[in-house]
Every structure is written in C-alpha cells, then in structure tokens.
Amino acid sequence: MAKTEHYYTKLIPGNFYHIYNRSISESSLFKDEKNHEFFIRKLDFYLSSVLELFAWCLMGNHFHLLVRIKTERSEEELIIEEVHLRFRKLFQSYAVAFNLQEKRHGALFQKPFKRAHVDSPEYFTQMVYYIHANPQKHGFAEDFREHKWSSYHSFLDAKNSKLKKAEVLDWFGGMEGFLRFHAEGKLELEKRLLIEDD
C-alpha cells in the first residue's frame, strides 16, 4: 500500500526517487517476455533524457525504479513537467500495446504514479536492495536472485547499459560489497518471511 505522501512528493532535479506503480485492480501488467522487453525499451525511449536509472524491477502487477532526475535544463518547473509528461507517455504507450495484445480496453496503470524522495546514503543502499528483493517478498520468486526482470543481473555482467552501474557499485564499496549486502539482506528477508508465515 502506497503511503499518502508518495502520491504528492515533488520531483526536484538532482534528487533521487523511488518511483513505483501497479496496475488497476492489481491485474497483470506483464504476461510474457515481450511485454517486459517492450516496457524496458519504452522506459529508455521516453525517460532516459530526463532521468538516470540506478535500479529497477518488473513484476506481475507492478514495477519499481530508483532514479535521479537530471539537471541539464535551467528551469526546474519545466523539468518536473517534462518528467511527468514522459511518464504519462510511457504508461499510455505501454497500455495501448498491452490492451491490443490482451483484447482489453481502458486504463492499465493507477494514477498518479507513486514516488518517494530518497534523501540519505543509507536509504539509497536499502532501496537498491529492496527493489532487487521485491520479487521474493511478493512471491514472484523463491530467491530474488533468480528473478530475470530486475537490474540485479545487470550488475553482474560487463555489458554496457544506461544503468548507472559504476555509481551503484561504488556506493557499496565495489562488487564484493554489493554481493555481500544482497546475500546478508536475503537471509534477513527469509527470516522475516518465516516470522510472517507463522
């Protein structure tokens, strides 16, 4: 459940945000691999000019992003308007294609999209892990490291991408720290899930 303030948090250039959204009525957003691939392509197409991507995860009925709003333009309000416009275009473009595929009509995403200001190094570190661990938390995977549609795997390969891999790994003190944090976090997550199941 989104916190009320996450509907109204103002986007400020240069700041980090956890951006997330889900489908209306929690129906499926992604039915097959092509849906996931299409969403990632459209995310890049519409938003790479206005934000930088630090972590992401796509699941059955929702998604999570960790981003920083770019500061390349001088007028803050124009940047904020453009970010909102480009998210709207992403959601509309994806919904049109998905509706055509699934023979459905109407809106697909909840409005407005949710965002939380990530305002400390500790919050940033926890958010990277939270986004990667989300598939396990919600039962989409037994081990989040096996979930295909998250940026976790991108950090493990040497392929070039627009994901800010070097900055994230530096944040964790390198690859070893990144992997250790995720391994330790996984153990804590499993303990919490066991407690919640009792």
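Residues numbered from 1 in each chain as written. Predicted model: local features only at pLDDT ≥ 70, side-chain atom pairs only at ≥ 80, totals over all residues. Heavy atoms only, no water.

Confidence along the protein chain averages 89 in pLDDT terms, with 89% of residues attaining 70 or more. In the model, residues 194-198 has pLDDT below 50 throughout and makes 0 contacts with residues more than four positions away in sequence or in other chains. (pLDDT = per-residue confidence, 0-100. Contact = heavy atoms within 4.5 Å.)

As a further point, take the packing of aromatic side chains. In the structure shown here, the tally under the stated rule is 27 aromatic pairs. Residues Phe-16 and Trp-171 carry aromatic rings whose centres are separated by 6.0 Å and whose planes lie at 80 degrees to one another, so their mutual orientation is edge-to-face. Here Trp-171 lies in helix 4 (residues 165-171) and Phe-16 lies in strand 1 (residues 16-22), a separation of 155 residues in the sequence. Note on Phe-87 and Phe-91: the rings are 5.9 Å apart at their centroids and 40 degrees apart in plane angle, and the pair reads as tilted. With Phe-87 and Phe-91 both in helix 2 (residues 76-102), this residue pair falls 4 residues apart, about one helical turn. Each member of the pair, Phe-87 as well as Phe-91, carries the same accessibility label: buried. Ring pairs connect the aromatic residues Phe-30, Phe-38, Phe-39, Phe-63, Phe-87, Phe-91, Tyr-94, Phe-98, Phe-109 and Phe-113, which therefore count as one cluster. The ring of Phe-45 carries the charged tip of Lys-42 above its face, separated from the ring centre by 5.5 Å. (Phe/Tyr/Trp six-rings, centres within 6.5 Å; stacked < 30°, edge-to-face > 60°. Helix = DSSP H or I, 4+ residues; strand = E, 2+ residues; numbered from the N terminus. Buried < 20%, exposed > 50% of the residue type's maximum accessible area, 1.4 Å probe, protein only. Lys NZ or Arg CZ within 6 Å of the ring centre and 35° of its normal.)

On to the sheet that holds strand 2 (residues 51-58). Taken together, 4 strands build an open sheet; the order of strands is 2-3-1-4 and the sheet is antiparallel. Sheet topology places strand 2 and strand 4 (114-118) at the edges, where each strand pairs with a single neighbour. The mean angle between the axes of side-by-side strands here comes to 20 degrees, regardless of whether they run parallel or antiparallel. Relative to strand 4, strand 1 runs antiparallel, the two sharing 5 bridges. Across the sheet, Tyr-17 pairs through a bridge with His-117, a residue of strand 4. Together, strand 2 and strand 3 (62-69) form the strand contacts of helix 1 (residues 33-47), whose direction differs from that of strand 2 by roughly 165 degrees. (Pairing = 2+ DSSP bridges. Axes fitted to C-alpha atoms, helices over the stretch in contact; angles between N-to-C directions.)

A few words on the environment of Phe-155. Position of Phe-155 among the secondary structure elements: in the loop between helix 3 (121-137) and helix 4. Residue classification places Phe-155 among the buried positions, given a relative accessible area of 2%. Non-local contacts of Phe-155, meaning those with residues more than four positions away in its chain, are made with Phe-54, His-132, Leu-163, Lys-164, Lys-165, Val-168, Leu-169, Met-175 and Phe-178.

The volume enclosed by the largest pocket comes to roughly 580 Å³. Leu-53, Trp-56, Ser-161, Lys-162 and Leu-163 are, among the 24 residues lining the largest pocket, the residues nearest its centre. Contributing elements (two or more residues each) for the lining of the largest pocket: helix 1 and strand 2. The leading source of residues in the lining of the largest pocket is helix 1, at 5 residues. Broken down by class, the residue content of the lining of the largest pocket amounts to 8 nonpolar, 6 polar and 10 charged. (1 Å grid on protein atoms, 1.4 Å probe; cavity = no way out; pocket = protein on both sides within 12 Å on 5 of 7 lines; lining within 4 Å. Points joined across faces, edges and corners; volume = space filled by probe spheres on them. Nonpolar A, V, L, I, M, F, W, Y, C, P; charged D, E, K, R; others polar.)

What follows is about the pattern of salt bridges. Tallied over the full model, the rule gives 9 salt bridges. For Arg-68, the salt bridge is made with Glu-167, and the minimal N-O distance between the two is 3.3 Å. Taken as a pair, Arg-68 in strand 3 and Glu-167 in helix 4 lie far apart in primary sequence, 99 residues in all. For Arg-68, a relative accessible area of 18% puts it in the buried group. (Salt bridge = Lys/Arg side-chain N within 4 Å of Asp/Glu carboxyl O.)

Another point: the side chain of Asn-21. Counting through the fold element by element, Asn-21 comes out in strand 1. By relative accessible area, Asn-21 is classed as buried at 2%. Of note is the side chain of Asn-21, whose polar atom sits 3.0 Å from the side chain of Lys-114. Residues contacting Asn-21, with those up to four places away along its chain left out, are Asn-61, His-62, Phe-63, Phe-91, Phe-109, Gln-110, Pro-112, Phe-113 and Lys-114. (Polar contact = N/O pair within 3.5 Å; in protein donor to acceptor, adjacent residues only side chain to side chain.)

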